[in-house]
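Here are the chains, one letter per residue:
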Amino acid sequence: MRLELFEVARGMGQQQKRPVYLNLLQIRLPVGGVLSICHRISGVLLVCVLPPAILFLQLSLSGPEGFQVVRAYLETTTGRWLTLGILGIMLLHFLAGIRHLFMDLEIGITRTQARASAWVTFILGVAGVLLFAVGLW
Amino acid sequence: MVSRNQYSGSTRKGLGEWIVQRVSALYLAGCVVAFGVRLTFWPIDDFYEWHEWWSDGAVRVAAALFLFAVVLHAWIGMRSVFLDYLNPFWLRFTMSTLTAVSLVALFVWGSYLLALGGLR
């Protein structure tokens, strides 16, 4: 992502009037850059999900009543949408992370391959969310 | 002979975090897949079965390690986000401290749950 940002900055430098600030609306990140941002945002969101997740686990293990409360909540419309959202965020973070690990092994690091794998990550993410939705409803 | 001085300065700074982030990622990914497969193909629909599953020593150790890996992974990830986007020192310091304290608290809470609470 750093490299991509560098390319963007260099591209901007070639304009006649060089902007002295980074105009976020003018930057069109390549798909790898968008994925990188999504990886970060999903990671931060997953950290925010940790406390409610432990709370739910605690409640579900507290006794048959607690278990029923958790199950009933997860079966409501809100519960299903939240579950789907969290599963989707997890899947995207997971897939983007796997892509990252392959790149650490210097697999798929040319620009063409990296852009292709970023698209594949997004497509697999959407496909997975659809699959989760089918499973949840 | 390689002198220790060769590695002084910032040469290897961040390498430890880098490797911890990747090793924890592999463990977390493996656990999530195993957990997902287990509950998808052999669903648990009953409190006693659920409780019994979580009382299994192997599950508890795996879950405790998972929690530990999550805390490390979250700390390194959040720290790099803060370092990149939070420029004023006081803001970065405050957010880093709050995150660290919260993650330690989550670890203590989760460990307690796995060791004692709810699993009597």
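Computed from a predicted model, the values in this text were never measured in an experiment. (Residues numbered from 1 in each chain as written. Chains lettered and ligands numbered in written order. Predicted model: local features only at pLDDT ≥ 70, side-chain atom pairs only at ≥ 80, totals over all residues.)

**Overview of the overall build of chain B**
Helices and strands together make up the secondary structure of chain B, namely four helices and zero strands. Counting from the amino terminus, chain B carries its helices and strands in the arrangement α-α-α-α. Per-residue burial over chain B gives 12% buried out of 120 residues. Once local pairs closer than 6 in sequence are excluded, the contacts in chain B between residues at least 24 apart make up 75%. (Helix = DSSP H or I, 4+ residues; strand = E, 2+ residues; numbered from the N terminus. Buried ≥ 20, exposed ≤ 12 C-beta atoms within 10 Å, placed from the backbone. Contact = placed C-beta atoms within 7 Å.)

**What about the interface of chain B and chain A?**
At the junction of the two partners, chain B supplies 20 residues and chain A supplies 19 residues. Counting residues per element, the side of chain B that touches chain A draws most heavily on helix H3 (residues 57–85) of chain B, at five residues. Classifying every residue of the side of chain B that touches chain A by side-chain character gives 14 nonpolar, five polar and one charged. (Nonpolar A, V, L, I, M, F, W, Y, C, P; charged D, E, K, R; others polar.)

**Remarks on helix H4 (residues 77–104) of chain A**
Residue and element names in this part refer to chain A. Under the 1.5 Å per step criterion, the end-to-end length of H4 is 40 Å for 28 residues, consistent within 8% with the ideal 40 Å. The set of residues buried in H4 consists of Ile89, Leu91, Leu92, His93, Phe94, Leu95, Ala96, Gly97 and Arg99. Immediately downstream of H4, the backbone of Glu106 shows phi near 60 degrees, a positive value. (Expected span 1.5 Å × (residues − 1).)

Geometric values such as these leave the question of function open.
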